[in-house]
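Residue-level structural notes
So the chains spell out like this:
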Amino acid sequence: MSTHDWSDEVLMAYADGALHAPDAARVREATAADPEIAARIDMFRASGRLLREAFGPVLRQPVPQRLCDAVQALGSEAVVRPERGVRAGRRRRAAMVVLAIAATVLGVMITLPGLERRGRDTPASLLAATGPLPASLNDTLDRLPSGEVGHLTLAAREVEVLPLASYDEAGVVCREFDLKVPAASGESLRGVACRDANRWVLRSTPESMPKPALGDGYETAAGGGELAPRLGLHRPLSGEEERRLMARGWR
Amino acid sequence: MTMDFKTELTALLPRLRRFALVRTGSLDAADDLVQAACERAWVARDTWKPGTRMDSWMFTIMQNLHIDEIRTAATHGIRESAETLEVVPDQRWSQGMEAGLALEQVARIMKQLPESMRVVLALVPIEGLTYQEAADVLGVPVGTVMSRLARARSELMRRLQAGAGEAGWVAT
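Definitions and limits used
Residues numbered from 1 in each chain as written. Chains lettered and ligands numbered in written order. Predicted model: local features only at pLDDT ≥ 70, side-chain atom pairs only at ≥ 80, totals over all residues. Heavy atoms only, no water. Helix = DSSP H or I, 4+ residues; strand = E, 2+ residues; numbered from the N terminus. Buried < 20%, exposed > 50% of the residue type's maximum accessible area, 1.4 Å probe, protein only. Contact = heavy atoms within 4.5 Å. Core = buried A, V, L, I, M, F, W, Y, C linked by side-chain atoms within 4.5 Å. Buried area = accessible area lost by both parts, 1.4 Å probe. Salt bridge = Lys/Arg side-chain N within 4 Å of Asp/Glu carboxyl O. Polar contact = N/O pair within 3.5 Å; in protein donor to acceptor, adjacent residues only side chain to side chain. Lys, Arg positive; Asp, Glu negative; His and termini not counted. Disulfide = S-S within 2.5 Å. Axes fitted to C-alpha atoms, helices over the stretch in contact; angles between N-to-C directions. Parallel < 35°, antiparallel > 145°, perpendicular 65-115°, else oblique. Left-handed = near helix turned anticlockwise from the far one by under 90°. Nonpolar A, V, L, I, M, F, W, Y, C, P; charged D, E, K, R; others polar.

Scanning chain B from N- to C-terminus turns up 8 helices and 0 strands. Going from the N terminus to the C terminus, chain B shows its helices and strands as α-α-α-α-α-α-α-α. Scored against the burial criterion, the 172 residues of chain B give a buried share of 54%. Long-range contacts, defined here as pairs at least 24 residues apart, represent 65% of the contacts in chain B between residues at least 6 apart.

Written out as structure tokens, the structure reads:
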């Protein structure tokens, strides 16, 4: 038999000690008779050894403190990690897209200086627009801890949702969240939704947030609230409190 | 359960960094990936059973995250993929590795291999998973893992020997 009679997969499995005994015995016999097969097996063994040696020392390097801290902080104080890849630029476009989606999804009319006015942007129309959230956003708020970024589709667009904080005050459970289109960075929308009949209902008018709220640094869940206080919500739940409330179905 | 989870996760960090380094090509990117994976793992911690292998579970999370990020980068027209890694020299890649020329060559060649080859090399020879465990992490048949792995190891050694010939030394 020659190397042509043995697949590389079988010879590799032999080199890795992953062949069953009868098959291993047959390969061993073939090896004795054919140096080419033996050389092939040696090649597989050498590759494994070199890879382990090359990457083994990484294990002995100290783990950066920020990683250890991040693990310890899990669940207590939500951390938003810096997003890789997409960063600066396209802010104006981001604002346009976010606002367009907000108008479509949440049924609100919003305007910013320099942007196209969209319909009646009176406070009355904004208030009238509050109400139950779309199912995908509702489900995301149901299960996503504050500080975690969720991805969903709204109005046929990929949207990122970042719950900022949860509140359980004056007999009502609310969550403050940011809404952003990841296709561009910069502006996002902030809203507050509260539990009503086992679903999330938009309470505040979403507001455009000119300062980056997602992906541009670290922000604590509790630190996000600028809208909630206007609704009488002053004490964001801790990560643990939020987790317990979430586990009880926000009741 | 919470303390067990965090303790086990912390103990695993060096290996998660190594896996991420092989996957991403730089320690900075590796640390970002590890942190993101830990955050995702925390959300999904109820799906991990204490007493079972956390390493395979975390590798699966990291693999999915890494694919997500490559897709996101592609969507945004950003070339943060294997092709970029090939041509961008990164001194930190070889930090902490043995100074031997052969080992530096291994690290360099790893960066040039396609994504599909790097991940099987990371999981099986480097992290010590079985073929079946690697197949479970990647969600592909075990035969696919074996054929990719055999090709990847052959290719690694072929390039290593070609490089050795040019440099005037021979890998043994």
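Take the nonpolar core next. Residues A:Phe55, B:Met58 and B:Leu123 are the most contacted members of the largest nonpolar core, which totals 76 residues. Counting 18 residues, the second largest nonpolar core, distinct from the first, contains A:Leu141, A:Leu179, A:Leu245 and A:Trp250.

Here we take up the interface of chain B and chain A. Facing 51 residues of chain B, the contacting portion of chain A comprises 48 residues. Between chain B and chain A, a total of about 4700 Å² is buried, with carbon and sulfur atoms accounting for 63% of that surface. At the boundary of chain B with chain A, the tally comes to 2 salt bridges. There are 12 residue pairs in polar contact (both at pLDDT 80 or more) connecting chain B and chain A. Only helix H1 (2-24), helix H2 (27-43), helix H5 (101-112), helix H6 (115-126) and helix H8 (142-167) of chain B provide two or more residues apiece to the side of chain B that touches chain A.

A word on the pattern of salt bridges. It is possible for side chains of opposite charge to pair when their charged atoms get near one another. Residue and element names in this part refer to chain B. A complete count under the given rule lists 19 salt bridges over all chains for this structure. Here Arg18 makes a salt bridge to Glu127, at a shortest N to O gap of 2.8 Å. Placement of Arg18 in helix H1 and of Glu127 in the loop between H6 and helix H7 (131-138) is noted, with a sequence separation of 109 residues between them. Each member of the pair, Arg18 as well as Glu127, carries the same accessibility label: buried. The shortest N-O distance in the salt bridge between Arg118 and Glu115 comes to 3.5 Å.

Another aspect to go through is the side chain of A:Glu148. Relative to the helices and strands, A:Glu148 is located in the loop between helix H7 (135-143) and strand E1 (150-154). For A:Glu148, which is buried and forms no salt bridge, the nearest opposite charge comes from B:Arg40, at a distance of 6.9 Å. Each residue touching A:Glu148, except ones within four places of it in the same chain, is listed here: A:Val161, A:Leu162, A:Pro163, B:Glu39 and B:Val43.

Let's shift gears to the state of the cysteines. This model, assessed by the stated rule, comprises 1 disulfide over all chains. Linked covalently through their sulfurs, A:Cys174 and A:Cys194 form a disulfide whose S-S length is 2.0 Å. Given an S-S torsion of about 100°, the disulfide between A:Cys174 and A:Cys194 has right-handed geometry. Highlighted residues: A:Cys174 in strand E3 (residues 172-180) and A:Cys194 in strand E4 (residues 188-196), separated in sequence by 20 residues. In this structure A:Cys194 comes out as buried when scored by relative accessible area, which is 2%. Cysteine A:Cys68 shares no disulfide, and the gap to the nearest cysteine sulfur, in B:Cys38, comes to 9.6 Å. A:Cys68 sits in the partly exposed class, given a relative accessible area of 21%.

The subject of this paragraph is the packing of H6(B) against H7(B). Residue and element names in this part refer to chain B. Put simply, H6 and H7 touch, their axes get as near as 9 Å, and they point 135° apart. On the basis of the axis angle, H6 is oblique to H7. Crossing handedness for the pair H6 and H7: right-handed. Where H6 approaches H7, its residues Val119, Val120, Leu123 and Val124 are matched on the opposing element by Tyr131, Ala134, Val137 and Leu138. Its residues assigned to classes, the contact of H6 with H7 shows 8 nonpolar, no polar and no charged.

Scope: geometric values only; no functional claims are made or implied.
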